[in-house]
Amino acid sequence: MVSVAGLGCKQYREQMDRGGVPELSCPDPECQGTALRGHGWYRRYLGGERQSLRRVRCPRCRVSHAVLPEDVCAYRDLTFGAVEAGLAVERPRAGAEVSGQRGGAGVRRVRGWLGSAQEPYAAKLQGLLGPVSGPWWRGAQAVVGEAAGWLTRLRHWLWSGFRCFLGGLSGLYRHGRPAARSPEVSP
């Protein structure tokens with residue numbers, strides 16, 4: 001996965017409708033910045049509506065990457081703004097309301113966000129952020145600032161310093177790639 005700096009959810013559709021492939025380089029250090037080439041599209045929900053997302057492929061390592069807007073969580077129909085709003089409240093029902101998550105499913109979703117402090121990737125993330133008491137998002141805010149957009153800034157900070165792609169609440173991916181699964185493990 002890679003994201004395009006400065007290209008949010010709203011601008012992504014306009015940019016991609018013009019058919020252009022963003023100028024991106026392969027995140028794998030062994031490829032030494034090889035330019036990624038267009039490799040088709042796939043459909044997923046962004047902001048509650050089904051949209052086409054660009055795929056690119058490295059001609060050197062032959063790995064394909066999804067090109068995400070900078071403010072979208074990987075593998076979820078969520079913007080970073082909604083997650084930030086839900087985490088700021090620290091109560092599932094109120095967090096669901098301010099983040100636009102509806103009904104009981106929205107409350108459960110926000111409860112999961114708040115419980116993400118116990119996830120394995122949270123420990124890795126806190127190791128990169130340094131010693132800060134409290135959940136991972138407090139440490140992130142201490143590093144990149146508490147103002148709106150802190151998750152986007154955290155994604156950029158992690159990518160530029162550690163080549164780790166922050167998927168949002170889906171995890172932390174080294175060089176923008178999910179961990180390889182063994183053949184016997186079901187996705």
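About the thresholds
- Residues numbered from 1 in each chain as written.
- Predicted model: local features only at pLDDT ≥ 70, side-chain atom pairs only at ≥ 80, totals over all residues.
- Heavy atoms only, no water.
- pLDDT = per-residue confidence, 0-100.
- Helix = DSSP H or I, 4+ residues; strand = E, 2+ residues; numbered from the N terminus.
- Core = buried A, V, L, I, M, F, W, Y, C linked by side-chain atoms within 4.5 Å.
- Buried < 20%, exposed > 50% of the residue type's maximum accessible area, 1.4 Å probe, protein only.
- Contact = heavy atoms within 4.5 Å.
- Axes fitted to C-alpha atoms, helices over the stretch in contact; angles between N-to-C directions.
- Parallel < 35°, antiparallel > 145°, perpendicular 65-115°, else oblique.
- Nonpolar A, V, L, I, M, F, W, Y, C, P; charged D, E, K, R; others polar.
- Pairing = 2+ DSSP bridges.

**Q** What am I meant to see in the confidence of the model for the protein chain here?
**A** Caution applies to low-pLDDT regions: their predicted coordinates should not be interpreted in detail. Across the protein chain, pLDDT averages 85, with 93% of residues at or above 70. For the protein chain, per-element mean pLDDT is lowest for helix 1 (residues 9-17), which scores 76, and highest for helix 3 (residues 92-99), which scores 93.

**Q** What should I look at first to understand the nonpolar core in this one?
**A** For soluble globular proteins, the rule of thumb is that nonpolar side chains tend to be buried together. Counting residues in hydrophobic clusters, the biggest one holds 26 residues, and the most contacted among them are Val83, Leu87, Trp136, Trp150, Leu151 and Leu154. For Leu87, the residues in contact, after removing those within four places along its chain, are Trp113, Leu114, Trp136, Trp137 and Trp150.

**Q** Even after reading the chapter, I still don't get the packing of helix 5 (residues 120-129) against helix 7 (residues 150-162), so can you show me in this structure?
**A** Relative orientation and spacing of two packed helices are given, respectively, by the angle between their axes and the distance between those axes. Where helix 5 contacts helix 7, the two axes come as close as 12 Å, and the packing angle between them is 70°. Judged on the interaxial angle alone, helix 7 and helix 5 are roughly perpendicular. Contact residues: Leu125, Leu128 and Leu129 in helix 5; Leu154, Trp157, Leu158 and Phe162 in helix 7. Residues belonging to the contact of helix 5 with helix 7 are distributed by class as follows: seven nonpolar, no polar and no charged.

**Q** Explain the sheet that holds strand 1 (residues 2-4) to me, please; I cannot follow it from the model alone.
**A** Across a sheet, paired strands are connected by hydrogen bonds in the backbone, their directions being either parallel or antiparallel. Here four strands make up an open sheet; going across it, the order is 1-4-3-2 and the pairing mixed. Where the open sheet ends on each side, the last strands, each with one partner, are strand 1 and strand 2 (37-46). Shown here is a sheet whose adjacent strand axes are inclined to one another by a mean of 35°, direction ignored. Two elements, strand 2 and strand 3 (residues 49-57), share eight bridges in a ladder whose sense is antiparallel. Counted as the bridge partner of Tyr42 is Leu53 from strand 3. In this fold helix 1 packs onto strand 2, strand 3 and strand 4 (64-69), with an angle of close to 65° to the strand it touches most, strand 3.

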